[in-house]
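Chain and residue survey
Below are the chains, spelled out letter by letter.
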Amino acid sequence: MYPIFYLPQITSGWLIAILATFHILPSHLSTSAMWFNVYMEWKAYRENREELLEFVRKFALLLIVFAYIFGSLSGVGIWFATMVASPRGISGIIHNYVWGWATEWVFFIIEVLGIFVYYYTFGKVDKKTHLIIGLIFAIGSWTTMAIIVGILSFMISTGKWNLNGNFFYGFFNPNYFPHFLLRTVLMFSITALYAIFITNFVKNENVKNEVIKKASLLGILSILISIPFLYLYLKSLPSYSKEIYPLLVTKGLKMGFIIPLIILFLYFVLNTFTTLLSKFLPSLLMIIILFGGIFAGERIREILRKPYIIPGFMYSNCIIGFDHKVKGVESDVSKLNGKGILEIYPFTPPEMKNINEKNIVKTGKLIALIECSPCHSLEKKGVRPLKGMIERIGFEDVESIMEFLDLMGENYKYMPPFFGNEIEKRALAEYLISLKGR
């Protein structure tokens, strides 16, 4: 176990979610943009239209600035946030997929070098070579996504990994291909929107109009083709995700994903008739709306893996709830429920090792920090505040909360069970009831 990182009100889980949502914009732009750019460059050479290269150069420059400066910074931010917020979780995933990440970094290096070589060799190498450089970059970038999606989908569906610990059984789990194909299709919507945005910096009106229409068509096709893949993605979810879907994925979250998608679709359709909506402010507004849709979509994806970091192995509070015999890993459950979580947790202050009437609420708060804070705010307000939950359910006394804690993981399957002995359960209940009316 590791020291607790707790971000008041926001919680560590939401910190990662915010960083990840932003990171999707530059990372998915990177994986898809060069396919469109290479096509426009090929078209310029084939039709002997030098004026199209103005757009191609500016679009490549955007990739360097947005995807490889802001995108790289947010990527580092995600690694840092996950390491401090969920060190045991990221350790568990790295130990299983270290070669997956190593492979991804090889392609990431190709990707990073590729975009700079591509941009700075305009006019310095022959046309065919330059197109090949662009294609190498596009394939390298797309491959990084293919690998990362394997790890992301493993976090929602481990396949037969729990039985045999095999790398590929976990990687190519039932959720992998629907997930990968859905992201592959939708990434072209991001490219289409950015291409329209970049036309604001293109001087040639004919080029501008042509790019807007082609990008809009790409966006329309991307959204239409994504619909059957979205259906397959939902069908491929494991049974525990399907159970909690109607309970936790609220109407607001669904609308938060669907409405931006509809607005984006209509935006692309209208752009095939008029260029008025492609101006700087409307296209920037659409990027903001897209960000909102991505945030809702990522929230839904994260909710669907509750209460786990690794399904059937590790809970969202980093407690290992199941043995993995092939990996030689033992569950924490018997130790935590026997000796108590405060005895096992290495950072428990000495004065809290023994619970008494004077420190019972304080030790209960420490247990809440260890077991509840990855998902719940301990303040009055914030993300899923414990105080609000206590008042909403209507707990009246310590006993009713203890009964609720006994049912976590069974009647409330989206929450990890309570781990600890009876006196620690009472301490947590005492702390929770003390929040009422504050």
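One can find the structure itself at the top, above this paragraph.
In this text, all values refer to a predicted model and were calculated from it rather than measured experimentally.

What counts, and at which threshold
- Residues numbered from 1 in each chain as written.
- Predicted model: local features only at pLDDT ≥ 70, side-chain atom pairs only at ≥ 80, totals over all residues.
- Heavy atoms only, no water.
- Helix = DSSP H or I, 4+ residues; strand = E, 2+ residues; numbered from the N terminus.
- Buried < 20%, exposed > 50% of the residue type's maximum accessible area, 1.4 Å probe, protein only.
- Expected span 1.5 Å × (residues − 1).
- Contact = heavy atoms within 4.5 Å.

**Considerations on unusual backbone geometry**
Pro307 follows Lys306 through a cis peptide bond whose omega is 5°. Secondary-structure assignment places Pro307 in the loop between helix H11 (280-303) and strand S1 (308-310). Phi at Asn48 is positive, roughly 55°, even though this residue is not glycine. Positionally, Asn48 belongs in the loop between helix H1 (11-46) and helix H2 (52-85). Taking the relative accessible area as the measure of exposure, Asn48 reaches 61% and is therefore exposed.

**Quick look at helix H7 (residues 176-198)**
Between its first and last C-alpha, H7 extends 33 Å over 23 residues, near the 33 Å set by a 1.5 Å rise per residue. Of all 23 residues in H7, 19 are buried, a share of seventy percent or more.

**What about the environment of Leu366?**
Mapping Leu366 onto the fold places it in helix H14 (residues 360-371). The exposure class assigned to Leu366 is buried, which follows from its relative accessible area of 11%. For the pair Leu366 and Leu428, spaced 62 residues apart in sequence, the C-alpha separation works out to 8.4 Å. In this view, Leu366 contacts Ile4, Leu342, Thr348, Pro349 and Met352; residues no more than four positions away in its chain are not counted.

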